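This is what each chain is made of:
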Amino acid sequence: MKVASCKFDGVSTPVSVPTGTLLAEAARSAGVELMQPCGGQGRCGRCALQVISGNVRRRSTIRLSEEDIAQGFSLACQTVIEGDISVAIPPQEKIERLLTSDRTAGEVTIPPGYDATYDQTIQAVTITLTPPDMSDQRDDWSRLQTTLRQQSGIEDMHASLGLMRHLSNVLRQSEWCVSAILDTQAWDRPGSPPRLIDIRPDSPLSETPLWGAAIDIGTTTVTVWLVDLLSGKVAAQVAQYNKQIARGEDVVSRIIYASKDSGGEQMRSLVLETINELLDQACKRVKSDPPLNPKDIVKASVVGNSTMIHLLLGIPAENIRMMPFITAVNQIPTLTAGEVGIDIHPDGTVDCLPGVASFVGADITAGVLSSGVDDAEKITLFMDVGTNGEIVLGSREWLVTCACSAGPAFEGAGVAHGMRATKGAIEDVWINGDTFDPTYRVIGGVKPHGLCGSGLIALLAELFLTGVVDKSGNFNYQLNTPRIREGDHGWEYVIAWAAETGHGKDIAITHVDVDNLLRAKAAIYAGFTILANSVGIPLEWAEQVLIGGSFGKYINVEKAIDIGLLPDLPWERFQFLGNTAVRGAYLALLDRQARARVREIASRMTYIELSADNTFYEAFMSALFLPHTDLSRFPTVEAAISNKKM
C-alpha cells in the first residue's frame, strides 16, 4: 500500500494517508475542519480546497468552473489523493447572524399555577438518618431506604452503581443529614419506583434550587433553556448553530454521512459537543455562590426531529430515508445523562419527547403542545418551515400531519449564490418595476456575499411581480435591462454587480436557482393541500396559521404569499411564534401533566406519508408555478398583477 504525505496550510505537521484516501478524510486527520453541508455528496461545493502541488483525481467537478480547476481547486469530498500533495485552505464560511433565541430572547412566562410540589417529577427530600452503632448495624443503603419510607413515605427506591459508590462518604460527611434528589415518576413506566438521582449534604432548598434543562436539537440551531425546577423560572437561554451542519445541511445529507464508516459516531459527537457547550454557557450566566456547574442539572427534556434524536442517541437512522420510511423508535424510554452523553448529573433524567413518524418528530409534538393546537377551537394550520417542512392541521377534535421535503433551497443551499443567514447575506430585496434595478438589505450592513432564505423569497416575489420572470419561472430576456443576461447556467438576473459585492464577483440568481425555489415552495404548498383534502375541507377554512421555528421569523408574509409558499389568507390570521419546540420541551420539563399531554398528542396525530399519497404529485405539479396554476387560490396576488398591468 502506497502512502502519501499531505501538507495543509496552517498545519505544522504533514499527515500520511494511504493513496486512494479522500481529500476530506486527510483534511480531518490533519485537524482541518471543513464545511460539508450536503453530507459529502458533492452537491454544495462548499468543501473546495486548492491543491497547490501533487496528484489528485477528481471524481466530480460540479460547482467548479474551468478557471477553478485550472487553479487547482477540488471538492474535498469528491477528490482522491494519488500522491504527495500540498493544499491551501480557503476561508471557511462562518455563521455570524445573532441568534434571536440567545441573548435577545424574551422572558418566558411561567405556566399559571405552577407548583413544583405537585407538578414536578423531580423532588428533593430532606431527611435525618439515625447513625449506626454497635447495636444497629444496618447497611447504609438499607438505612437510607428505611428513613425515606418512614419520614417521606417513599417506597422501593432504586439507584445506580455510581451513586452507591459515594453514598457512604456523603452520609458521614453530612453527619447523616442529607437531601435525597429523586425522580418520582418515569413517563414510560407508570407506577415504577422512584429513582435516586443524587444524595447531597442538607442545605436550604431556597438557596440550592433544583436545575433542569429544556433542549431543542434543531437541524440548524440547538437551543438550551436552563430552568429552576422549583420556581419554574427560566434562568438562562442560550443557542448556537448545530455543529452537525459541517457534515450535512439537511437531515437526508446527515443520514447519508452517518451511514459511512465512523460517520454516525462523528454526528453524535458533534451534537453532544454543541449541547454540552451550551449547558456550560447557560450555567455561567447564572450568578451563584458556589458557581453553578452543569453537573448540578438533574433533568433534561429533549426535542428534535426524528433524525436528530436518532443521531443524538447513536441509533441507526438510514431507514428513515428509505422506503417505507420507518424510524427505529418514536417513543424513547427514559434514559440517564450518563447513557446519552449529555454533560449534566450522570444519573440525571433525560426525557426525549415522543415523535410521530419518520419526518414528524418531537419538535412538532412539542410545538403542538406549546402553541395549543391540540386544544384549539379554531381550525388551525401549524407549520415549521425549513429544510423539512412539517405541517399540522386540526383542532381539539382532530389532528393530521405530514412532512414535505422542501430541500435546503430556503436555507441558501443548492442556489448558486445562496448562503446561510450570515454576515453579508442579502435578506430582503425590492425591484423597481420601471428600471428593473434592485435595492436590498444586507445582514451586518456590509457588502453582500450572497442571498439567504428570506432574501430568496423576497427576490423571487419581486421578480414575478415586476415581470422579470413569468409564472413558470422563465426569465423575460426581452426586457431592456443589462441585469438579465445569459450566464454559465442559462438565463440569470444580477442582483449586485462585482464592484458592489464583498468578494468582487457578480451576485445573480439563475434559472436553475428559480427552479429549485419553485420546487421547494411547491412541496410545502402541496403538503397544505393534501392535509386539507384528507379531511375534506378547503384550505381557506384555516382560521389561524401558526408558524414556528426561527426561520419563520424572517419570512415576509406578503412576499411568501406572492410566490405561493403560504396560503392566501388575511394577514391577521398569521402568527409567528418563534421556537415552539423548546417552549414545549420547557412545559414538559416542568409539568408531569404537560408531559402526559405530549404523549397524547403524538398518539392522536394521524400521519400522512406524502410519497404514498397518489394525489401529492398532482398537487405538487399544480404548485410549481407562481403563485399556482389556479390563480383563484391567490386573489390578492391576482389583484396585484392586475393593478401592475393597468
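One can find the structure itself at the top, above this paragraph.
Residues numbered from 1 in each chain as written. Predicted model: local features only at pLDDT ≥ 70, side-chain atom pairs only at ≥ 80, totals over all residues. Heavy atoms only, no water.

**Student:** What's the story with the pairing of strand β23 (residues 490-496) in this structure? I'm lost.
**Tutor:** Across a regular strand the side chains alternate sides, sitting on one face of the sheet and then on the other. Burial analysis of β23 places five of its seven residues in the buried class, the great majority of the element. Summarising the sheet, strand β22 (residues 484-487) and β23 pair through four bridges and their orientation is antiparallel. Looking across to β23, one finds that Ile484 is bridged to Tyr493. Count of turn residues in the β22/β23 antiparallel hairpin: two residues. In the sheet, β23 pairs with strand β24 (residues 507-510) via four bridges, with the strands oriented antiparallel. The residue of β24 that forms the bridge with Val494 is Ala508. (Buried < 20%, exposed > 50% of the residue type's maximum accessible area, 1.4 Å probe, protein only. Helix = DSSP H or I, 4+ residues; strand = E, 2+ residues; numbered from the N terminus. Pairing = 2+ DSSP bridges.)

**Student:** I tried to follow the environment of Pro193 on my own but got confused; where do I start?
**Tutor:** Mapped onto the fold, Pro193 is located in the loop between β8 (177-183) and β9 (195-201). With a relative accessible area of 36%, Pro193 lands in the partly exposed category. In the structure, Pro193 is positioned 179 residues away from Pro14 in sequence and 57 Å away in space, judged by C-alpha atoms. Excluding residues that lie within four positions of it along the chain, Pro193 makes contacts with Glu155, Asp156 and His158. (Contact = heavy atoms within 4.5 Å.)

**Student:** Looking at this structure, how should I read the pattern of salt bridges?
**Tutor:** Two side chains with opposite charge may pair up if their charged atoms get near one another. Here the structure, examined in full by the defined rule, presents 23 salt bridges. Arg519 is the partner of Asp515 in a salt bridge, and the nearest nitrogen-oxygen pair spans 3.3 Å. Taken together, the residues Asp515 and Arg519, both in helix α12 (residues 511-534) and four residues apart, mark about one turn of the helix. The partly exposed category is assigned to Asp515, whose relative accessible area is 30%. Assessed through its relative accessible area of 42%, Arg519 is described here as partly exposed. (Salt bridge = Lys/Arg side-chain N within 4 Å of Asp/Glu carboxyl O.)

**Student:** So what exactly am I meant to see when it comes to the state of the cysteines here?
**Tutor:** Two cysteines form a disulfide when their sulfur atoms are joined by a covalent bond. Tallying each qualifying case throughout the model produces zero disulfides. Cys283 supplies the cysteine sulfur nearest to Cys352, a cysteine that is in no disulfide, at a spacing of 19 Å. By relative accessible area, which is 1% here, Cys352 ends up buried. You can see Cys402 has no disulfide; the closest cysteine sulfur is in Cys404, sitting 5.5 Å from it. Judged by relative accessible area, Cys402 falls into the buried class, the value being 0%. (Disulfide = S-S within 2.5 Å.)

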